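Okay, here's what each chain looks like letter by letter:
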Amino acid sequence: MKKRIKDKERDSIDFGKSRLDPLFNSIFYPTLLSMVFASLFTVADGIFVGQGVGSNALAAINIVSPLFLITTGIALMFGVGVSVVASIHLSHDNQKAANINVTQAFDVATLLMALVSLTVYIFRIPFLRLMGSSDLLLPLCEDYLLTILPGCVFIIIQVIGTFVIRLDGSPKFSASLEIFPGLLNIFLDWLFVFPMQMGIAGSGIASSISCAAAAAMVIWYMFFRSESLKIQRLKLTVTSFYLTMRNVGYMVRSGFSSMLGELAMSMVLLTGNYVFIRELGEDGVAAFSVACYLYPIVFMVNNSVAQSAQPIISFNYGAGNSYRVRRAFRISFSTATICGVLSTTILTLAAKPLVSLFLQEGSKAYQIAVEGLPWFSYSAIFFAMNVAIIGYFQATEQNLRATLCMLLRGLVFLVPAFIFMPMFLSPQGVWLAVPVTECMTLGVILLTNKGIISR
């Protein structure tokens with residue numbers, strides 16, 4: 001009887017037979033809700049720091065933020081990778097192989113991030129200098145870095161868990177991994193920054209605690225609620241180690257472009273920090289940080305579209321059902337395009353009230369942000385289309401194409417755009433570098449993959 005009740009509480013999902021529009025929506029809306037909540041919690045973090053500590057603290061967080069993106073990139077690489085691989089195994093009724101892949105993803109990614117965190121801690125001052133910190137911002141950057149480092153390992157568990165739990169047939173619980181810890185983060189942010197006056201370090205501690213709470217939820221689910229995908233004890237033998245490395249390599253190839261997507265965002269931050277501090281000083285970096293706090297909302301919305309379509313496309317790709325693959329991609333692309341247009345419209349029309357959430361009206365940083373945000377917002381339209389197409393490449397194991405697309409938007413076009421755009425158009429050029437990069441990437445994708453949108 002308890003088993004029957006438990007089954008009724010779970011989400012009913014059949015990736016191979018359910019009608020595609022309702023199936024996509026049943027995954028998309030919980031995923032969208034969780035990711036928008038996660039973005040809003042990040043925005044709240046910026047608001048508390050900007051209003052409670054000051055614009056230099058916002059700039060310091062922007063200097064450290066590439067570490068967050070590297071962490072999320074590693075997590076997405078393993079999360080997307082194991083979701084693609086496990087989806088294909090499940091479509092072939094190979095439950096044991098899917099369970100082994102899930103266990104390997106959690107174990108290897110967590111160990112890798114622990115090593116990265118330790119390395120960053122040991123070489124923290126050179127790391128912060130490399131990220132573009134000035135002498136003025138260095139003490140604030142170090143305070144924030146030391147408090148968010150413990151949370152990085154928990155982010156790995158949280159992000160991989162969202163993919164695995166969604167594939168297990170529980171998108172609502174997967175969404176809760178962002179919502180409940182996010183609410184905790186908002187409360188702790190307020191508590192540590194305002195009543196307790198802990199400054200920028202309080203914000204970092206709040207983030208680490210909320211990430212630990214999310215990781216605890218994932219662990220509880222995998223051991224006590226999971227019905228299909230289970231944590232499986234791995235053998236400590238040479239053969240088992242070899243198989244783990246082989247399977248991890250397969251996951252990495254499938255999810256590598258997702259990591260490049262986060263690295264592309266980190267390159268936006270890193271290159272942008274250098275250019276903005278050169279062109280506009282610390283106030284410029286503070287203004288840029290507002291865009292960097294708001295842009296993850298655009299990223300999360302469109303990433304939720306790609307992530308919702310991915311298990312549907314991967315499952316049917318593994319089952320050989322090309323019609324459902326094409327139809328799911330069309331749903332994903334049209335949804336992403338609508339989201340991109342709406343994002344650009346909102347960021348353009350509401351620039352002043354949005355910037356005032358972070359910075360004091362009348363300040364130099366406020367003025368720079370208000371003038372620049374509308375230009376920056378044009379990137380959302382092209383970004384949305386790029387993410388939908390790259391997500392399709394990942395889901396159908398076209399890993400080389402997905403990787404090349406990410407390299408275009410994260411390095412090949414981005415760095416030259418940040419270097420040369422300010423030369424031709426100042427100060428708008430620093431804000432237009434990202435939109436130009438996304439537009440050029442989309443152009444290359446459409447030229448080299450003719451007919452992809454009409455599939």
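What counts as what
- Residues numbered from 1 in each chain as written.
- Predicted model: local features only at pLDDT ≥ 70, side-chain atom pairs only at ≥ 80, totals over all residues.
- Heavy atoms only, no water.
- Helix = DSSP H or I, 4+ residues; strand = E, 2+ residues; numbered from the N terminus.
- Rg over C-alpha atoms; globule rule 2.2 N^0.38 Å.
- Buried < 20%, exposed > 50% of the residue type's maximum accessible area, 1.4 Å probe, protein only.
- Contact = heavy atoms within 4.5 Å.
- Areas by Shrake-Rupley, 256 points an atom, 1.4 Å probe, with all protein chains shown as cover.
- Lys, Arg positive; Asp, Glu negative; His and termini not counted.
- Charge placed at Lys NZ, Arg CZ, Asp CG, Glu CD.
- 1 Å grid on protein atoms, 1.4 Å probe; cavity = no way out; pocket = protein on both sides within 12 Å on 5 of 7 lines; lining within 4 Å.
- Points joined across faces, edges and corners; volume = space filled by probe spheres on them.
- Nonpolar A, V, L, I, M, F, W, Y, C, P; charged D, E, K, R; others polar.
- Phe/Tyr/Trp six-rings, centres within 6.5 Å; stacked < 30°, edge-to-face > 60°.
- Disulfide = S-S within 2.5 Å.
- pLDDT = per-residue confidence, 0-100.
- Salt bridge = Lys/Arg side-chain N within 4 Å of Asp/Glu carboxyl O.
- Core = buried A, V, L, I, M, F, W, Y, C linked by side-chain atoms within 4.5 Å.
- Arc of directions from axis to C-beta.

Quick word on the overall build of the protein
And step 1. Helix and strand counts for the protein stand at 16 helices and 0 strands.
And step 2. In terms of C-alpha radius of gyration, the protein reaches 21 Å, essentially the compact-globule figure of 23 Å for 455 residues.
And step 3. Once the C-alpha set of the protein is aligned to its principal axes, its extents read approximately 60 × 50 × 40 Å.
And step 4. Looking at the 455 residues of the protein, the share that counts as buried comes to 59%.
And step 5. For the protein, the share of sequence-separated contacts (at least 6 apart) that also reach a separation of at least 24 residues comes to 82%.
And step 6. About 18500 Å² of surface is accessible on the protein, with carbon and sulfur atoms providing 68% of the total.
And step 7. Across the protein, the centroid of the 30 positively charged side chains sits 14 Å from that of the 23 negatively charged ones.

Some remarks on empty space enclosed by the protein
And step 1. As enumerated under the stated definition, the model contains 4 cavities of 30 Å³ or more in all.
And step 2. Roughly 970 Å³ of internal volume is contained in the largest cavity.
And step 3. Forming the walls of the largest cavity are 47 residues, and the residues nearest its centre are Ala38, Thr42, Phe68, Thr72 and Met300.
And step 4. Of all the elements in the fold, those that place two or more residues in the lining of the largest cavity are helix H2 (20–52), helix H3 (55–91), helix H6 (138–167), helix H7 (171–193), helix H8 (199–224) and helix H9 (238–319).
And step 5. Among the elements that take part in the lining of the largest cavity, H9 stands out by supplying 14 residues, more than any other.
And step 6. Along the lines of polarity and charge, the residues of the lining of the largest cavity split into 26 nonpolar, 17 polar and 4 charged.
And step 7. The space that makes up the second largest cavity amounts to roughly 190 Å³.
And step 8. Lining the second largest cavity are 17 residues, with Ser258, Asn303, Ala306, Val387 and Gln394 positioned closest to its centre.
And step 9. Of all the secondary structure elements, the ones that give two or more residues to the lining of the second largest cavity are H3, H9, helix H13 (379–395) and helix H14 (399–412).
And step 10. Looking at the lining of the second largest cavity element by element, the count peaks at 8 residues for H9.
And step 11. Classifying every residue of the lining of the second largest cavity by side-chain character gives 8 nonpolar, 7 polar and 2 charged.

What to know about the packing of aromatic side chains
And step 1. Taken as a whole, this structure holds 17 aromatic pairs when the rule is applied.
And step 2. Seen in terms of ring centroids, phenylalanine 173 and tyrosine 221 are 4.9 Å apart; in terms of plane orientation they differ by 35°. Their pairing is tilted. Pair noted here: phenylalanine 173 is in helix H7 and tyrosine 221 is in helix H8, with a separation of 48 residues, a long-range link. In this pair, the class of phenylalanine 173 matches that of tyrosine 221, namely buried.
And step 3. Considering the side-chain rings of tyrosine 293 and phenylalanine 358, the 5.6 Å spacing of their centres and the 25° angle between planes classify their relative orientation as stacked. Here tyrosine 293 is found in helix H9, whereas its partner phenylalanine 358 is found in the loop between helix H11 (351–356) and helix H12 (364–376), with 65 residues between them in sequence. Accessibility assignment for this pair places tyrosine 293 and phenylalanine 358 in one class, buried.
And step 4. Among the aromatic side chains, those forming a connected cluster through ring pairs are Phe276, Phe288, Tyr295, Phe376, Phe383 and Trp431.

Concerning the state of the cysteines
And step 1. Within this structure, the stated rule accounts for 0 disulfides.
And step 2. Cysteine cysteine 292 is unpaired, with the sulfur of cysteine 141 as its nearest cysteine sulfur at 14 Å.
And step 3. Classification of cysteine 292 as buried rests on a relative accessible area of 14%.

Here's the deal with unusual backbone geometry
And step 1. One non-glycine residue, glutamine 197, lies in the positive phi region at around 50°.
And step 2. Here glutamine 197 lies in the loop between H7 and H8.
And step 3. Accessibility expressed as a relative area gives 59% for glutamine 197, which makes it exposed.

Focus on the confidence of the model for the protein
And step 1. Taken over all residues, the pLDDT of the protein has a mean of 86, while the share at 70 or more is 96%.
And step 2. Predicted confidence for residues 1–11 stays below pLDDT 50, and this span has 16 contacts to residues more than four positions away or in other chains.

Concerning the pattern of salt bridges
And step 1. In this structure the tally under the stated criterion is 5 salt bridges.
And step 2. One salt bridge in this structure joins arginine 124 and glutamate 142, with 3.0 Å as the shortest N-O distance. Here the residue arginine 124 occupies a position in helix H5 (residues 124–130), and glutamate 142 occupies one in helix H6, the gap between them amounting to 18 residues.
And step 3. For the salt bridge of glutamate 279 with arginine 278, the shortest nitrogen-to-oxygen distance reads 2.9 Å.
And step 4. Here arginine 278 falls in the exposed class, since its relative accessible area comes to 52%.

Topic: the nonpolar core
And step 1. Of all hydrophobic cores here, the largest spans 144 residues; its most connected members are Leu145, Leu359 and Trp431.
And step 2. The element that contributes the greatest number of residues to this core is H9, accounting for 29 residues.
And step 3. The contact partners of tryptophan 431, leaving out residues within four places of it in the chain, are Phe276, Ala287, Phe288, Ala291, Ile368, Ala369, Gly372, Leu373, Trp375 and Phe376.

Considering helix H15 (residues 414–424)
And step 1. Restricting attention to buried positions, one finds in H15 the residues Leu414, Ala417, Phe418, Met421 and Pro422. One side of H15 carries all its buried residues, which in axial view fall inside an arc of 105°. In this structure, H15 carries Met423 and Phe424 as exposed residues pointing more than 90 degrees from its buried face.
And step 2. Buried positions along H15 lie against H9, H14 and helix H16 (428–448).

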